[in-house]
Amino acid sequence: MGTCLFRSTACQTILSDIRQYLEDADRIFKRRERFDQDRRDFYARAMVQFALSNRIIDLAREVSLIRGYISDDEQVKNKVYFKRLNDHGVISWDMRQEMITLVNFRNQVSHHFYEINRDEIEKIYLARPVILEFITIMEKELAITTQEKTRTAVIAGVALVVLIVLLCWYFS
């Protein structure tokens, strides 16, 4: 993953956290499993995936706000961020569904942790390629925002110069 091209502190923090959680997940999942001997591995795997899920949702929210797919005053549930990204052609239907699965996992860990099993945790971990692709797409969306702001600033600057030249010509 590259760096966030949008100069949003929130975006940069979210992406940094995501990178850290992905590294942590790799270390935790590569360890030899001891689920039968010690529930700490189960908890560690579940919690790193939970933390990663939360930050992926935060990234979707941040991009949706920056790009105008949702408004600040709009009350939306976590799944809606991914629905809006799909509605605006940013992510595919399949990715939308994968991200909604991530939200469902996050909600289950939050509210029904006792129902979580090893297979569900493993399934979320195996979705890593889709998560990495999602992050790349979000970084591109943020880059588009930066390009649009730069283009707008250039156009405004040119318009101001033209206005000044016209005013000088008119009053001379």
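Nothing here was measured: the structure is a model prediction, and the numbers come from that model.

## A look at the overall build of the protein chain
A tally of regular secondary structure across the protein chain gives six helices and zero strands. Sequence-ordered secondary structure for the protein chain, helices as α and strands as β, is α-α-α-α-α-α. The proportion of buried residues among the 172 residues of the protein chain is 40%. Long-range pairs, those at least 24 residues apart, make up 64% of the contacts in the protein chain between residues at least 6 apart in sequence. When the accessible surface of the protein chain is split by element, carbon and sulfur atoms take 54% of a total near 10,400 Å².

## Details of helix α3 (residues 78-87)
Among the residues of α3, those classed as buried are Tyr81, Phe82, Leu85 and Asn86. Taken end-on, α3 shows its buried residues confined to a sector of 135 degrees, consistent with a single buried face. Count one or two residues on from α3 and you reach glycine 89, which has phi positive near 75 degrees.

## Quick look at empty space enclosed by the protein
Using the criterion set out here, one finds one cavity of 30 Å³ or more in the structure. Each pocket or cavity is described by its volume, and for the largest cavity that value is around 30 Å³. In this structure, the largest cavity is lined by Leu22, Ala25, Gln49, Leu52, Ile124, Tyr125, Arg128 and Ile131. Only α1 (9-30), α2 (40-67), α5 (118-126) and α6 (128-171) provide two or more residues apiece to the lining of the largest cavity. Among the residues forming the lining of the largest cavity, the class breakdown is six nonpolar, one polar and one charged.

## A word on the pattern of salt bridges
Here the structure, examined in full by the defined rule, presents eight salt bridges. A salt bridge links aspartate 24 to arginine 27, with the shortest nitrogen-to-oxygen separation between them at 2.4 Å. Of the two residues, aspartate 24 and arginine 27 are both situated in helix α1; the distance of three residues between them amounts to about one turn of the helix. A relative accessible area of 18% means that aspartate 24 is categorised as buried. Note that aspartate 58 is salt-bridged to arginine 61, the shortest N-O span being 3.1 Å.

## Thoughts on a nonpolar patch on the surface
There is a patch of nonpolar side chains on the surface, built from Leu160, Val162, Leu163, Ile164, Leu166, Leu167, Trp169, Tyr170 and Phe171 and spanning about 1,000 Å² of accessible area. The topology assignment puts valine 162 in helix α6. On the basis of relative accessible area, valine 162 is assigned to the partly exposed category, the value being 42%.

Each value, and the rule that gives it
Residues numbered from 1 in each chain as written. Predicted model: local features only at pLDDT ≥ 70, side-chain atom pairs only at ≥ 80, totals over all residues. Heavy atoms only, no water. Helix = DSSP H or I, 4+ residues; strand = E, 2+ residues; numbered from the N terminus. Buried < 20%, exposed > 50% of the residue type's maximum accessible area, 1.4 Å probe, protein only. Contact = heavy atoms within 4.5 Å. Areas by Shrake-Rupley, 256 points an atom, 1.4 Å probe, with all protein chains shown as cover. Arc of directions from axis to C-beta. 1 Å grid on protein atoms, 1.4 Å probe; cavity = no way out; pocket = protein on both sides within 12 Å on 5 of 7 lines; lining within 4 Å. Points joined across faces, edges and corners; volume = space filled by probe spheres on them. Nonpolar A, V, L, I, M, F, W, Y, C, P; charged D, E, K, R; others polar. Salt bridge = Lys/Arg side-chain N within 4 Å of Asp/Glu carboxyl O. Patch = residues over 30% accessible without salt bridge, like charges linked within 9 Å, V, L, I, M, F, W, Y side chains within 5 Å.

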